[in-house]
Structures are given as structure tokens and as C-alpha cells.
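Notes for the structure review
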Amino acid sequence: MKTFQWTMKDELGLHARVAGELVKTVSAGTSRVTLEKGERTADASRLFAVMALCVKQGETVTVTVEGPDEEKDCAALQEFCEKNF
Amino acid sequence: MRTIKGIAASAGVAFGSVRFVASPLQMTALERVRDPDRELVRLEWAREAAKQKLEELCAAVGKELGPECEKIFQIQLMMLDDGDFRAALRRAVQDEGFSAPYAVRRAAEQLTAMFAGMEDAYMRARLADIQDLGIRLLHALDPDAAVLPELPAGSVAAAPFFTPSQVMGLAAKGALGFVTREGSRTSHAAILARLLGIPAVAALSSSYSRLYDGGVIIADGFTGDVVIDPDEKTSEAYRAFERRPNIGEETLAQLRTLPSRTRGGRSVKILAKIWKPSDLPLVLESGAEGVGLFRTESFYRNRTDFPTEDEQYRIYCSLAEQLGERPLTIRTATHDGRVRSLAEEMNPAMGVRGIRFSFENPELFRTQLRALLRAAADHNIAVTFPMVTSAEELRRARRALLHVKEELKSEGVPFGEAIPVGVLIDTPAAALVAEELAREADFFDIGTNGLTQFALAADRSNPEVSPVFDFQHPAVLELVRRAVLAAKNAGIPAVICGDAAGDPRLLSYFLGLGVEALVVAPSSVLELRRAVRAME
């Protein structure tokens, strides 16, 4: 299991289009990816769940990656987050 | 006559009769069926049809209006494939025995409920995307369930909100514009309206109920005003505006490649500002003639380690390469009064900001100057120093730059010897000693937000003084005028930054002064270009 923290810098927060791209990135891998914000968690492969987490600018999300390819998938996700936010 | 206020969602004026548009979803009646399996097959078939339509739409829209727009519909494709959405549809048929159309309504309602309670306006706007998908499925189930009713000529469409496809439909059916009760400038409907060049006013909220079907209105997408039953004088004023050539004739998509030139042949550059490197795609799409201001504070946000010289160098080079020949002006890092300051201050806007921050943090300053000088070796890059209040401070900054140049020279590292050095005129002091500053600078960036905040003693981030924060105040305009004149007399370019730069009402003032460029958000570039092209 691998985790990293990710702070939302975008003014609009984790908005629909970015959420869509995140779900796509997650679906491209094989790992189970969970987002955790405060007490709420969301399965990162489910678009509505990700959007409903309503991550806003300045908020921090813990990303957990689990599975046989977690190294690779986690790196891909981290790159995605760096690039987009 | 009565004027109600909304948000200016898409520039232009729509002068016509109100036509309320009901959502086909809300008109779908409850219906139970005996054979749920048949309904599931119908739904699956409708999903496939909707998917194919959306894919076609994505391709067409992407080609005509650009990739940002394509993403609006791609999100719907993803929603369509989403497990939660499919499960909600299935449950409505299997567990509750609803007909396929009513199951669509039910599933859409369940998912919108997830967003309806949210405080965040942007997320609430996702309702429209879900509804759009629902309407799309209804249409696939029954081609008679039209996305939009017939609109008589001269209609201004009105609804609580419009979905993206409805906006596309409004454009195709020749609606003059639209007004909504909900929505914002960032809703997908507004983004599309701007790209298609349809005037729109959003977020009329409770005043929306003042509208009545068939009533004459003027929806002013520049100001957000909606005039109900306008009197003769107001009507005439708006008709004169409508007769102005160019307005509305060139869609924003066409404007992307047209020059920013007035009808009289006066050119002004329209540049974009960016907060962070990932904003650049917006600039490339916006049709901006370059980046007029890259605020590099984003480097320091949300991190404790500062970016290295090489890291910055790579970012600057990558931005400049994507821009090609177009210029890139980099503002040295300040720390913004609106974010938590590195050292807690009582009044951060007047504290250690801008060039003061650089002088207080010489290592950060030096790293940044090295990175941008190196990147300027073979790229069209300029540097500008913020919050300078005296010629001595500018000279000190230039000495630091010279020092770094010598360092790079002795190390044999290539750099941009002739990098243009600008100064931000964002304090009244700078505007008042502009003549002296002009002798030491290669160009002026006139920061109208800073000038307004400091001249009127009104904190930009304090909503209680927002009525005082007026960049059209004569004191602010006088400071701007002095700065531009000083630049003109010294033969250096003057560039207007800040919110005033994007206000079409100030365009003729700025052009009259002889400014070289205006720096605005990427999303405002095309509207401003349209306003420039409509000027005499």
C-alpha cells in the first residue's frame, strides 16, 4: 500500500473535467485507489464519488494506492497531480 | 420598466421576447411497466445511442471550438459509463418497476441530489451536466422528446439553467441569447455561450420570477443587467449598440485568429496572465498574443522546499517553447497578500511583498534570476519587478540582475544578455515617480489592482469595502495616465494589467493614452479582442 498527500491548488478545486481525467488515470492502472478528505473517503474510479468529495482550493487529500502494480500506478498518479494542480 | 441584476456570463446584448424553456426531464411522467427486462434493453440501447452521439459531438466540438469545449462533453461520456449512474438506472427499473424514460428521470434526480446540497457553486453546476445526460437518454428513447422546443424568431430563452446541449441547440435555433436563474461564469453553459458568441446573463436568483413568457427584455451580457419592459429611451440606446458592426458577427472561435485591431487600424496586443505553469494550455487556446504576466508565487505554494534553479529553468523554457515566438513576461516572486504570508504580518498587502520580498530573501531572488536569465538565452522572455516604490529600489534590483549576469558569464553559462527589464507600477508612489522609473526600465506594467487598492485604501480581498474598490475612480485613472505618459515620453512600452485591463468600458481610455498591450485572464482574451475590433 502506498499513500501520498496532495493539496489542491487549482482555484476551482477538483472540478468536473479534472475529476474525469483523474478517474481515467486511475482506470488506466490496476490498483484500487482511495481518496480521503477529512472523514470522508471516495473510490477514485467512481466519477460521481470523486466529484461529490468536493475538494476545494487549499484542501489536502490523502491518496491511497493498493494492488500488485501500486508502485507504477502511484507514480503515474503523482505525476498526474503534479501536472494538473 | 424594471432592471434586475444577474452575472454577466457571456458578452453581448440580447433584445427580444422571453421564452421559457422547460426541462424535458421534468415533463417525463411516472409510468410503471410489467416487463422490466424490456425496459432494461431499451435503456441499454439508449445508452449506446447516446454514447455514439456524444462521441460524434466531442469530435465536432473539439474541431470547431477547441479541446476545452470537447472536455465538457467528454465528462458526460464518463458519467454515462459510470457504474453509479448505471446502477441507479437499473434499480429504478428492476426494483421500482418504472418505465425506461421515468427511470432516466429518477436516476438523474438521485445523482443530482448528491450535488444539490453542496455549498460550492461550481460543483452545484454539475447538476446541468447530469440533466444534460438525462435529456440525451430521453431523446434516444424517444426522438420526439426534443432537447428544445421551437423558438419563435427574436426569442431570449429563459430557464432555471441550461444544459450544454441546450446551449448548442439555442445557437442552432437562432435564439438571441439566454438568461438563467442559477449558474455562473464558470458553468459549462456559460463557457459554451462565450465560445459560440451568444449573450447570456446567469444567476438572476429570486429576480428570475419577475420575467414573464413573451415579455420584452434586454439581457446585457456585458454588465449582467436584464431590463424588463424597457422604455423607449433605453430601447433606443440598446438598438444603437446592436447596430454597431462586428459585435456578435464574429464568433469567439473565429476571433481566435483575428488581429486585435480597431476599425481605425489601431493595434493593441492582448496578452494573458497565468498563475501556474499548467494554465498555459488555456493561453494557447485563448488566442492570446503571449503571456503578459506569469506570477511565479505558485512555486512556493504548498511546499516547504523551494524550487531549484534547474526546476525553474525547465519550467520557463517549456512555457516559452510552447508559446513559440510569442513573448513571456515573468514577474519575480512576491507573496500575495491573500495567501498566508511566510512571516505572519498584520497587514500583508502593505508588508514584505514584491521586490521587498526579493531583497529579504536574496537566495530565492538570485535562484530565480539565474533561472530566468538562462532561459532567456534563446527564448523571448522578459522580467518584471513588482511593488517597486522608488527608482533606488529598481536600481538595486537591476544591480542584483547584473551581478547574476556576471556570475553566469564567469561560469561560461549561456544567458539572455539583453533580457528586457520591466517594472510594475502597482503603487501610487511608483506612478508618481514614473518619470524617474522610466529612465531605468525597458517597459512598464501598470498594475491597476494594486493602484486601486493603495490609492483608495481599500483591501481588495475585503468584501465589505468592495464598493470602494473602483478602478474607474478618477484618482486611479489619473495615476494610470501619469504612468503611461511617463512611459511614452521615455519611449518605452506601457502595458495595462489588473482587472481594469479587461473592462471594455475603459478600452477607449487606454487606447487613447497609447498603451501597447493589455493583460487579462485567458478566458477574457477573445471578448476583449471583440471589443477592440468593434471600436472606431
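Located above this text is the structure these notes cover.
A few points on the structure.

Parameters and conventions
- Residues numbered from 1 in each chain as written.
- Chains lettered and ligands numbered in written order.
- Predicted model: local features only at pLDDT ≥ 70, side-chain atom pairs only at ≥ 80, totals over all residues.
- Helix = DSSP H or I, 4+ residues; strand = E, 2+ residues; numbered from the N terminus.
- Buried ≥ 20, exposed ≤ 12 C-beta atoms within 10 Å, placed from the backbone.
- Axes fitted to C-alpha atoms, helices over the stretch in contact; angles between N-to-C directions.
- Parallel < 35°, antiparallel > 145°, perpendicular 65-115°, else oblique.
- Left-handed = near helix turned anticlockwise from the far one by under 90°.
- Contact = placed C-beta atoms within 7 Å.
- Nonpolar A, V, L, I, M, F, W, Y, C, P; charged D, E, K, R; others polar.
- Pairing = 2+ DSSP bridges.
- Right-handed = clockwise from strand over helix to strand, strands pointing away.
- Core = buried A, V, L, I, M, F, W, Y, C linked by C-beta atoms within 7 Å.
- Domains from an automatic or database assignment.

Residues and elements named next belong to chain B. For Ser205, which is not glycine, the phi torsion reads 40 degrees and is therefore positive. Among the structural elements, Ser205 can be located in the loop between β6 (200-202) and β7 (216-220). Phi is positive for Ala457, which is not a glycine, with a value near 50 degrees. Structurally, the position occupied by Ala457 is in the loop between α18 (448-455) and α19 (474-490). Residue Ala457 is classed as exposed on the basis of its 9 C-beta neighbours within 10 Å.

Right, let's talk about the packing of helix α2 (residues 67-81) of chain B against helix α6 (residues 126-141) of chain B for a bit. Residues and elements named next belong to chain B. Viewed as axis vectors pointing N to C, α2 and α6 meet at an angle of 70 degrees, and their least axial separation amounts to 10 Å. Compared by their axis directions, α2 and α6 come out roughly perpendicular. In this structure, the crossing between α2 and α6 has a hand that is right-handed. Contacts between α2 and α6 involve Ile75, Gln76, Met79 and Leu80 from the first element and Asp129, Ile130, Asp132 and Leu133 from the second. In terms of residue class, the contact of α2 with α6 is built from five nonpolar, one polar and two charged.

Before going further, it helps to examine the packing of helix α1 (residues 36-65) of chain B against α2(B). Residues and elements named next belong to chain B. In the contact formed by α1 and α2, the axes pass within 7 Å of each other and the chain directions differ by 170 degrees. Comparing their axes, α2 and α1 come out roughly antiparallel. Once α1 is placed against α2, the crossing between them reads as left-handed. Contacts between α1 and α2 involve Arg47, Ala50, Lys51, Leu54, Glu55, Leu57, Cys58, Val61, Gly62 and Leu65 from the first element and Pro67, Cys69, Glu70, Phe73, Gln74, Gln76, Leu77 and Leu80 from the second. In terms of residue class, the contact of α1 with α2 is made up of 11 nonpolar, three polar and four charged.

Let us look at the environment of B:Arg38. Residue and element names in this part refer to chain B. If you trace the backbone, Arg38 turns up in helix α1. In this structure Arg38 comes out as partly exposed when scored by C-beta crowding, with 13 C-beta atoms within 10 Å. Here the alpha-carbon distance between Arg38 and Ala100, two residues 62 residues apart in the chain, equals 8.9 Å.

Residues and elements named next belong to chain B. An order of β1-β8-β7-β3-β4-β5-β6-β2 is seen for the eight strands of this open sheet, with the pairing classed as mixed. Each edge of the open sheet is held by one strand with a lone partner, namely β1 (2-5) and β2 (7-10). Neighbour to neighbour, the strand axes of the sheet diverge by 30 degrees on average, direction disregarded. Two elements, strand β3 (residues 13-20) and strand β4 (residues 155-159), share four bridges in a ladder whose sense is parallel. Bridge assignment links Val18 to a residue of β4, and that residue is Val156. Across the sheet, helix α8 (residues 188-196) touches β2 and β6, and the angle it forms with β2 is around 55 degrees.

So, on to the pairing of strand β5 (residues 177-180) of chain B. Taken residue by residue, a regular strand's side chains alternate between the two faces of the sheet. All names here are of chain B. Of the two faces of β5, both are covered, the one formed by Gly177 and Val179 as well as the one formed by Phe178 and Thr180. The pairing of β4 with β5 spans four bridges and is classified as parallel. From the neighbouring strand, Val156 faces β5, where its bridge partner is Gly177. Each parallel crossover has a hand, and for β4 linked through helix α7 (residues 164-172) to β5 it is right-handed.

All names here are of chain B. Among the five residues in strand β14 (residues 443-447), four count as buried, and that is most of the element. Of the strand pairs in this sheet, strand β13 (residues 421-425) and β14 are connected by four bridges, and their pairing is parallel. Across the sheet, residue Leu424 finds its bridge partner in β14, namely Asp445. Bridge count between β14 and strand β15 (residues 494-497): four bridges; the pairing is parallel. Note on β15: the bridge partner recorded for Ile446 is Ile496.

Glancing now at the nonpolar core. A:Val50, B:Ala103, B:Val156, B:Phe178 and B:Leu192 are the most contacted members of the largest nonpolar core, which totals 103 residues. When residues of this core are sorted by domain, at least three fall in each of domain 1 (2-21 + 148-243) and domain 2 (36-141) of chain B. Non-local contacts of A:Val50, meaning those with residues more than four positions away in its chain, are made with A:Leu14, A:Ala19, A:Leu22, A:Val23, A:Leu35, A:Ala42 and A:Ala44. Listed in part, the 80 residues of the second largest apolar core include B:Ile315, B:Leu369, B:Leu394 and B:Leu526.

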